[in-house]
Amino acid sequence: MSKLFDCITEELQDFIAAQHLFFVGSAPLSSSGHVNLSPKGQDSFRILSPNRVAYVDLTGSGNETSAHLQENGRITFMFCAFEEPACILRLYGQGRTILPSSPEWESLHSLFLPIPGTRQIIVADIEKIQTSCGFGVPLYEYRGQRQTLVNWASKKGEEGVREYQQQKNLVSIDGLATPLSRLP
């Protein structure tokens, strides 16, 4: 029931655009390291080309994906339909972190609506795409995006968010450095 694709087709782009939620998976190389799986929302995902995607990564309690990408680049995105028709879509690729100090920042950041608490942009070159049936995924009704994280970042302000990142986002739970650790 699964199908493999070499690129993100127009039909798959439409499917991605219709989803309000996606998941990002990454892992360190160490077999004792922790696999990370993070849900994302907030209109933060963009398709840059049939084989390149990006998302705005918001400040959170950890920074696992960025640490894993710096170590080995592996990343997987998963979208699943919570309405009919059922479908699961996975994008497999190699990713990297773009910080606000990067020369690429302005051109990429301009593709997104401003979101308080933006930490970095994750860009991934997609090597393989897979769809599967999704018949086991339950039906859910979308009610809206949570504003808790956005409100928290707005209340803290840019300087407060940067301080939080310096305290909480420099290393992964497995002790891997993130790109933020290289900033002065």
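Residues numbered from 1 in each chain as written. Predicted model: local features only at pLDDT ≥ 70, side-chain atom pairs only at ≥ 80, totals over all residues. Heavy atoms only, no water.

Looking at an unreviewed UniProt entry, one finds the protein named Pyridoxamine 5'-phosphate oxidase family protein, with Nostoc flagelliforme FACHB-838 as its source organism.

With respect to helix α4 (residues 148-168)
Between its first and last C-alpha, α4 extends only 18 Å over 21 residues, short of the 30 Å set by a 1.5 Å rise per residue. Taking the largest bend as the criterion, α4 deviates by roughly 105 degrees, centred on Gly157. Buried-residue contacts for α4 involve β8 (118-132). (Helix = DSSP H or I, 4+ residues; strand = E, 2+ residues; numbered from the N terminus. Expected span 1.5 Å × (residues − 1). Bend = angle between axes of the 7 residues up to and from the residue. Contact = heavy atoms within 4.5 Å.)

Examining unusual backbone geometry
Cis geometry marks the peptide bond from Glu84 to Pro85, where omega comes out at -5 degrees. Positioned with a positive phi, Gln42 is a non-glycine residue whose angle comes to about 65 degrees. Here Gln42 lies in the loop between β3 (36-40) and β4 (45-49). Using a relative accessible area of 18% as the deciding quantity, one classes Gln42 as buried. Phi is positive for Asp43, close to 50 degrees, though the residue is something other than glycine. With respect to the helices, strands and loops of the structure, Asp43 is situated in the loop between β3 and β4. (Buried < 20%, exposed > 50% of the residue type's maximum accessible area, 1.4 Å probe, protein only.)

Concerning the packing of aromatic side chains
On inspection of all chains with the given rule, the structure shows nine aromatic pairs. On the basis of an interplanar angle of 75 degrees and a centroid distance of 5.8 Å, the ring pair of Phe82 and Tyr140 is categorised as edge-to-face. Taken as a pair, Phe82 in the loop between β6 (74-80) and β7 (88-98) and Tyr140 in the loop between β8 and α4 lie far apart in primary sequence, 58 residues in all. The exposure class assigned to Phe82 is partly exposed, which follows from its relative accessible area of 22%. (Phe/Tyr/Trp six-rings, centres within 6.5 Å; stacked < 30°, edge-to-face > 60°.)

A few points about the environment of Thr97
Its location among the elements puts Thr97 in strand β7. Taking the C-alpha atoms as reference, Thr97 lies 6.7 Å from Gln120; in sequence the two are 23 residues apart. Among all residues touching Thr97, those that are not within four sequence positions of it are Ser66, Leu69, Gln120, Ile121, Ile122 and Pro179. Here the side chain of Thr97 touches Ser66 through a polar contact of 2.9 Å, side chain to side chain. (Polar contact = N/O pair within 3.5 Å; in protein donor to acceptor, adjacent residues only side chain to side chain.)

Quick look at the UniProt feature "domain: Pyridoxamine 5'-phosphate oxidase N-terminal" (unreviewed entry) in the protein
UniProt records the feature "domain: Pyridoxamine 5'-phosphate oxidase N-terminal" (unreviewed entry) at residues 8-133, using the numbering of this structure. Structurally, residues 8-133 is divided into 17% helix and 44% strand, and its ends, taken at the C-alpha atoms, are 17 Å apart. (UniProt positions renumbered as here; feature names shortened; annotations may be inferred.)

Considerations on helix α2 (residues 64-71)
Across the eight residues of α2, six count as buried, placing the element largely inside the fold. Residues of α2 that are buried: Glu64, Thr65, Ser66, Ala67, His68 and Leu69. Contacts from the buried residues of α2 go to β2 (22-26), β3, β5 (52-58), β6, β7 and β8. Of the residues trailing α2, Gly73 is marked for its positive phi of about 80 degrees.

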